[in-house]
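Below are the chains, spelled out letter by letter.
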Amino acid sequence: MLRLVSRQTVALKKNLPASFQSSRLASTLALLETTADGKLDPSSLNLLQAAKLLNNPITALLVGPNASKGAQNLKDSVKCEELSKIAIVKDESLAHYLPENISPLLVELLKDDTFSHFVISSSSTGKNILPRLAALINNQPICDIIKIEGPNKFIRPIYAGNALATIETAQEKKLLSVRASAFDSIEEGKSEDVEIVEIPFTNKDNVPIKWLSANLTKTGRPDLGSAKTIVSGGRAFKDKESFEKYLTPLADVLNAGIGATRAAVDNGLCDNSLQIGQTGKIVAPNLYIAVGLSGAVQHLAGMKDSGTIVAINNDPDAPIFKTATFGLEGDALDIVPELTEKIKATQK
Ligand SMILES: Cc1cc2nc3c(=O)[nH]c(=O)nc-3n(C[C@H](O)[C@H](O)[C@H](O)COP(=O)(O)OP(=O)(O)OC[C@H]3O[C@@H](n4cnc5c(N)ncnc54)[C@H](O)[C@@H]3O)c2cc1C
């Protein structure tokens, strides 16, 4: 059995308020995602902040051939006193977060009974891994949490974000996925004293799945999950050409990501990787510009936590105006080019 017990555990526990003292030896294992070149995925920085709120010493786990690079980046870029250890598992078969390959490793690590919490981002990676892990250890995961009320108590949205459920668990191990956009990014700085420990991957000869290739759409735009600004289009556009003709220049001047409603995707206006909402991506940029979309609850579920929401719609009764910070009533085909030119003029 692999033991990653932190020496800081007992010392830290003494300083905690009673409501946060869950068990004799509590600590958190956090699976952080990295990009192919070993940079930390932005969602991992929010995940670390959420892990910090559990008030336990944290062991960050990084996997794949770039794990050492990721671990060094973590030490050099993040200030987190709760971070007690960085565990790396460098095997190639873990490179793409294939749940079939990673879950047995997590099962092994979580046999360490000091781990009271396991956290992962509720990204597609987290959504793939957590249920499989939970089934393997016969545990009920708590998914997509947006608030931590204590070591055993969490809040998560239900019914497409129309209600919030407060969940208290008596399970010894808490398996949690965290909605990254609901937490701040961890403080920047350094964590120089944190030890990096390499763990051998004993299961390497038994991995059930092999990664062959990926076919990715390259846009050169900010990723929707981390974009500070998003311009999003709906069914108002009649075809793919007009969706691109109107939205791309606006997104360009704002260095924004482009999103869409499900109706836009279903009508073939754009790729389904752009879909925002209940069954698409969950985003919370500083600025969200909703163009020609009605504001259905399923769409709001994916963007209503954005900082400032600007809605452009020709129907004064469109529900999106109830959620928007600013509303522009009129034809998007007139407003968007004018807005684009006006923003451009301010940049000269
Ligand atoms: C289980 C389930 C899951 C779903 N998941 C999602 C999801 O993840 N994401 C999502 O987005 N939807 C999702 N939906 C679909 C959702 O219910 C809506 O159908 C969809 O969001 C509507 O997209 P829309 O706003 O583009 O289209 P519409 O509702 O048709 O709205 C188009 C808007 O454009 C305006 N408009 C038209 N022409 C112009 C113009 N020239 N200028 C300005 N405004 C104009 C209209 O006034 C209207 O308000 C889901 C539905 C179900 C049942």
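Calculation rules
- Residues numbered from 1 in each chain as written.
- Predicted model: local features only at pLDDT ≥ 70, side-chain atom pairs only at ≥ 80, totals over all residues.
- Heavy atoms only, no water.
- Helix = DSSP H or I, 4+ residues; strand = E, 2+ residues; numbered from the N terminus.
- Buried < 20%, exposed > 50% of the residue type's maximum accessible area, 1.4 Å probe, protein only.
- Contact = heavy atoms within 4.5 Å.
- pLDDT = per-residue confidence, 0-100.
- Near = heavy atom within 4 Å.
- Polar contact = N/O pair within 3.5 Å; in protein donor to acceptor, adjacent residues only side chain to side chain.
- Areas by Shrake-Rupley, 256 points an atom, 1.4 Å probe, with all protein chains shown as cover.
- Domains from an automatic or database assignment.
- Buried area = accessible area lost by both parts, 1.4 Å probe.
- UniProt positions renumbered as here; feature names shortened; annotations may be inferred.
- Expected span 1.5 Å × (residues − 1).
- Bend = angle between axes of the 7 residues up to and from the residue.
- Arc of directions from axis to C-beta.
- Phe/Tyr/Trp six-rings, centres within 6.5 Å; stacked < 30°, edge-to-face > 60°.
- Axes fitted to C-alpha atoms, helices over the stretch in contact; angles between N-to-C directions.
- Parallel < 35°, antiparallel > 145°, perpendicular 65-115°, else oblique.
- Left-handed = near helix turned anticlockwise from the far one by under 90°.
- Nonpolar A, V, L, I, M, F, W, Y, C, P; charged D, E, K, R; others polar.
- Salt bridge = Lys/Arg side-chain N within 4 Å of Asp/Glu carboxyl O.

A. Local environment of the environment of Ala256. For Ala256, the position within the fold is in the loop between helix 6 (240–254) and strand 12 (257–260). Taking relative accessible area as the criterion, Ala256 reaches 0% and is therefore assigned buried. Sequence spacing of Ala256 and Val231 is 25 residues, and the spatial spacing of their C-alpha atoms is 6.5 Å. Ignoring anything within four residues of it in the chain, the contact list for Ala256 reads Arg221, Pro222, Thr229, Ile230, Val231 and Ala251.

B. The environment of Lys153, seen in detail. Relative to the elements of secondary structure, Lys153 occurs in strand 7 (residues 153–158). In this structure the C-alpha to C-alpha distance between Lys153 and Leu216, which are 63 residues apart in sequence, comes to 38 Å. Ignoring sequence-local partners within four residues, the contact set of Lys153 consists of Lys147, Ile148, Thr166, Ile167 and Glu168.

C. View of the confidence of the model for the protein chain. For the protein chain, per-residue confidence averages 91 on the pLDDT scale, and 93% of positions sit at 70 or higher. Below pLDDT 50 for its whole length, residues 1–23 participates in 50 contacts with residues either more than four positions away or in separate chains.

D. Examining the site of the ligand more closely. Taken together, 24 residues are adjacent to the ligand, and Arg235, Thr261, Thr279, Ser294 and Asn313 come closest. In the model, a nitrogen atom of the ligand is placed 3.0 Å from a nitrogen or oxygen of the Asp331 side chain. Notes on the ligand: free accessible area 990 Å², of which the protein chains cover 75%. When contributions to the shell around the ligand are tallied by element, the ones reaching two or more residues are helix 7 (262–266) and helix 8 (297–303).

E. Layout of the domain arrangement of the protein chain. Each domain of the protein chain was delimited in the assignment, giving domain 1 (9–206) and domain 2 (229–346). For domain 1 and domain 2, the distance between their C-alpha centres works out to 33 Å. With five residues of domain 1 at the interface, the matching set in domain 2 holds eight residues. Buried surface at the junction of domain 1 and domain 2, summed over both partners, amounts to about 540 Å²; 53% is from carbon and sulfur atoms.

F. Examining the UniProt feature "domain: Electron transfer flavoprotein alpha/beta-subunit N-terminal" (unreviewed entry) in the protein chain more closely. Within this structure's numbering, the places UniProt gives as "domain: Electron transfer flavoprotein alpha/beta-subunit N-terminal" (unreviewed entry) are residues 28–221. In residues 28–221, the share of helix is 24% and the share of strand is 27%. The end C-alpha atoms are 34 Å apart.

G. Spotlight on helix 6. In this model, helix 6 (15 residues) spans 21 Å end to end at C-alpha, consistent with the 21 Å of a helix rising 1.5 Å per residue. Taking the largest bend as the criterion, helix 6 deviates by roughly 30 degrees, centred on Leu247, and proline Pro249 comes between one and four positions later. Among all positions in helix 6, only Ser242, Phe243, Tyr246, Leu247, Leu250, Ala251 and Val253 are buried. At its buried positions, helix 6 is contacted by strand 11 (229–233), strand 12, helix 7, strand 13 (287–291) and helix 10 (332–346).

H. Highlighting helix 3 (residues 67–77). The set of residues buried in helix 3 consists of Ala67, Gly70, Ala71, Leu74 and Lys75. Seen from one end, helix 3 has its buried residues packed into an arc of 140 degrees, which puts them on one side. In the core, the buried residues of helix 3 are packed alongside helix 2 (42–53), strand 2 (58–63), strand 3 (83–89) and strand 10 (195–198).

I. How the structure looks around the packing of aromatic side chains. Scanning the entire structure with this criterion turns up two aromatic pairs. Plain terms: the ring middles of Phe237 and Phe243 are 5.8 Å apart, the flat faces sit at 80 degrees to each other, and that makes the pair edge-to-face. Considering the side-chain rings of Phe237 and Tyr246, the 6.1 Å spacing of their centres and the 35 degrees angle between planes classify their relative orientation as tilted. Since its relative accessible area comes to 2%, Phe237 is described here as buried.

J. Fine view of the packing of helix 6 against helix 10. Direction vectors running N to C along helix 6 and helix 10 enclose 25 degrees, while the axes themselves pass 9 Å from each other. Between helix 6 and helix 10, the crossing angle belongs to the class labelled roughly parallel. Pair helix 6 / helix 10 crosses with left-handed handedness. The segment helix 6 lies against helix 10, with Tyr246, Pro249, Leu250, Val253 and Leu254 engaging Leu333, Val336, Pro337, Leu339, Thr340, Ile343 and Lys344. The residue inventory of the contact of helix 6 with helix 10, partitioned by class, reads 10 nonpolar, one polar and one charged.

K. Broad picture of the pattern of salt bridges. Under the counting rule described, the total for this entry stands at 15 salt bridges. As a salt-bridge pair, Lys90 and Glu198 come within 3.7 Å of each other at their nearest N and O atoms. Taken as a pair, Lys90 in the loop between strand 3 and helix 4 (99–109) and Glu198 in strand 10 lie far apart in primary sequence, 108 residues in all. With its nearest N and O atoms 2.9 Å apart, the salt bridge here joins Lys240 to Glu244. In this pair, Lys240 and Glu244 are both assigned in helix 6, four residues apart and thus about one turn of the helix distant. Look at Glu244 and you get partly exposed, because its relative accessible area is 39%.

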